[in-house]
Amino acid sequence: MSDVRIRHRQGAFTLDVEFSLASPWTVIFGPSGAGKSTVLRILAGLIEPDWATIAIAGQSILDADRGVAVAPGRRSIGFVTQQAALFPHLTARDNVAFGIRGLSRPEREQRVAAMLQLFGAEDLAARRPAQLSGGERQRVALARALASHPKLLLLDEPIAALDDASGQDILARLLALDVRVVYVSHDLAEIWRLPAEVIVLEAGRVTATGPLRAVLATQRDRLLQSLAP
Amino acid sequence: MDLQALGLTLRLAATTTLVLLALGIPLAHWIASTRSRLRPLVEAITTLPILLPPTVLGFYLLVLLGPRTGFGRLIAHLLGHPLAFSFSGLVVGSVLYSLPFAVQPLSAGFHAVDPALLDQARILGAGRLRILREILLPLSTRSVIAAAALCFTHTVGEFGVVLMIGGDIPGATRTLSIAIYDQVQDFNYSQANRTSLLLVGIALIALLLLYARRSGQEARHV
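Residues numbered from 1 in each chain as written. Chains lettered and ligands numbered in written order. Predicted model: local features only at pLDDT ≥ 70, side-chain atom pairs only at ≥ 80, totals over all residues.

**A short note on the packing of helix α2 (residues 39–51) of chain B against helix α5 (residues 87–111) of chain B**
Residue and element names in this part refer to chain B.
For step 1, the next point in the chain: Relative orientation of the contacting elements α2 and α5 amounts to 115 degrees, with a least axis distance of 7 Å. In terms of orientation, α2 and α5 fall into the roughly perpendicular class. Like other packed secondary-structure pairs, α2 and α5 cross with a definite hand, here left-handed. Where α2 abuts α5, its residues Thr46, Thr47, Pro49 and Ile50 lie against Leu96, Tyr97, Leu99, Pro100 and Val103.
For step 2, the next point in the chain: A breakdown of the residues in the contact of α2 with α5 according to their chemical character gives 7 nonpolar, 2 polar and no charged. (Axes fitted to C-alpha atoms, helices over the stretch in contact; angles between N-to-C directions. Helix = DSSP H or I, 4+ residues; strand = E, 2+ residues; numbered from the N terminus. Parallel < 35°, antiparallel > 145°, perpendicular 65-115°, else oblique. Left-handed = near helix turned anticlockwise from the far one by under 90°. Contact = placed C-beta atoms within 7 Å. Nonpolar A, V, L, I, M, F, W, Y, C, P; charged D, E, K, R; others polar.)

**Description of the nonpolar core**
For step 1, the next point in the chain: Counting 115 residues, the largest nonpolar core has Ala143 and Leu154 of chain A as the members making the most contacts within it.
For step 2, the next point in the chain: Counting residues per element, this core draws most heavily on α5 of chain B, at 12 residues.
For step 3, the next point in the chain: Leave out the neighbours within four places in its chain, and Leu154 of chain A touches Leu40, Leu43, Ala44, Ile77, Gly78, Phe79 and Val182 of chain A. (Core = buried A, V, L, I, M, F, W, Y, C linked by C-beta atoms within 7 Å. Buried ≥ 20, exposed ≤ 12 C-beta atoms within 10 Å, placed from the backbone.)

**Thoughts on the interface of chain B and chain A**
For step 1, the next point in the chain: Listed as interface residues are 12 residues of chain B and, on the opposing side, 13 residues of chain A.
For step 2, the next point in the chain: Looking at the side of chain B that touches chain A, the elements that each hand over two or more residues are α6 (115–123) and α7 (128–139) of chain B.
For step 3, the next point in the chain: Among the elements that take part in the side of chain B that touches chain A, α6 of chain B stands out by supplying 6 residues, more than any other.
For step 4, the next point in the chain: Split into classes, the residues belonging to the side of chain B that touches chain A amount to 8 nonpolar, 2 polar and 2 charged.

**Quick look at the confidence of the model for chain B**
For step 1, the next point in the chain: Averaged over all residues, the pLDDT of chain B equals 90, while 96% of them reach at least 70.
For step 2, the next point in the chain: For this predicted complex, the interface score ipTM comes out at 0.91, alongside a pTM of 0.86. (pLDDT = per-residue confidence, 0-100.)

**So, the environment of Leu139 of chain B**
For step 1, the next point in the chain: Note that Leu139 of chain B resides in helix α7.
For step 2, the next point in the chain: What makes Leu139 of chain B partly exposed here is the crowd of 18 C-beta atoms within 10 Å.
For step 3, the next point in the chain: Along the sequence, Leu139 of chain B and Val113 of chain B sit 26 residues apart, while their C-alpha atoms lie 6.9 Å from each other.
For step 4, the next point in the chain: Apart from residues lying up to four places away in sequence, Leu139 of chain B is in contact with His89 of chain A together with Val113 of chain B.

Here you go:
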């Protein structure tokens, strides 16, 4: 069980949320500007909130009251956004190996190969990001994020810029993994089939939580009506 | 041609460039990444030598390194000789005078690196030193080369600071720019012309190498 309570002010925007990550997959759904990405960046340790208590898999990584603030690299969190953010001067292999420390060289090479294979990217190992397509970059980025076996994987619209086939293939590979995922999206079609709990975020507040299809059914019906001729 | 002055000038420029890269890289990294309130002050101080007349900087350094200050006496005690009117003193003066030419391109280069890459490096467990060594520096090679070229050529051509701190001691502190001054004072214009052309050549070659490399890299990226 993971518990998250955050209060954070950024200019005129106020984020005030409290939720649990009880399911293996949790989708944070909401319109642009609702604060979804801010929540992920706070979870990852990239933004220091005004006040927060965050526990991942029972371990406190941020507790403003007790002065706990675990550094981003020690939170056991992987983070992949729409922009793959691969290191452009490194090959796909070296990108994946970047976050793996404390292993012998053969063990590290083995882990890198296994992670690339997991996302069907084993043939891309020697290429640099500039030589990869958007979908290939995302596969390498996911392999890199998961290489150190994080307890939590944060995905911020990871397939939004990809074609449907590539996006669905990546989602299928992710669903087959045994890792807790927080998935941010504002695209109902993209998340509809995910076996997930959903947290609906609007203007920095949680407005609904529960099983994804049950919670978002009304939104889907509204969307279908708007698409009807 | 004053070969002694040529050798001393090249040695001074090379030493100054190495010292400036060693100082400028961590300083520029701090400037590019800090949220400290001291940052504007540090930026202003490191940029100050661009605006200050070289003689002003040279004068204060001469006073600071001389026997009238505790610092100057301490340095003289530690080194066994005063820094003023020595090669080491010239290096100190040159480093301070050319500091902005190292820090400005380096911090601009570090600023230009996509922050998303630095975020990823942090999440993947890299500390500040590893991020500098494995991400920022490899992605800022143009800036490092630009800083080195600017520091070298700027030091080769400096006059005021060198004259104030080092005087005009042949083989010890007389650089090419001071040799030109001496030659003009002696009405030896043909010699001054040859020495001046040498300085123009050094600066031009350094800049040509810099721009040729940049042009080649840009062509590969198109």
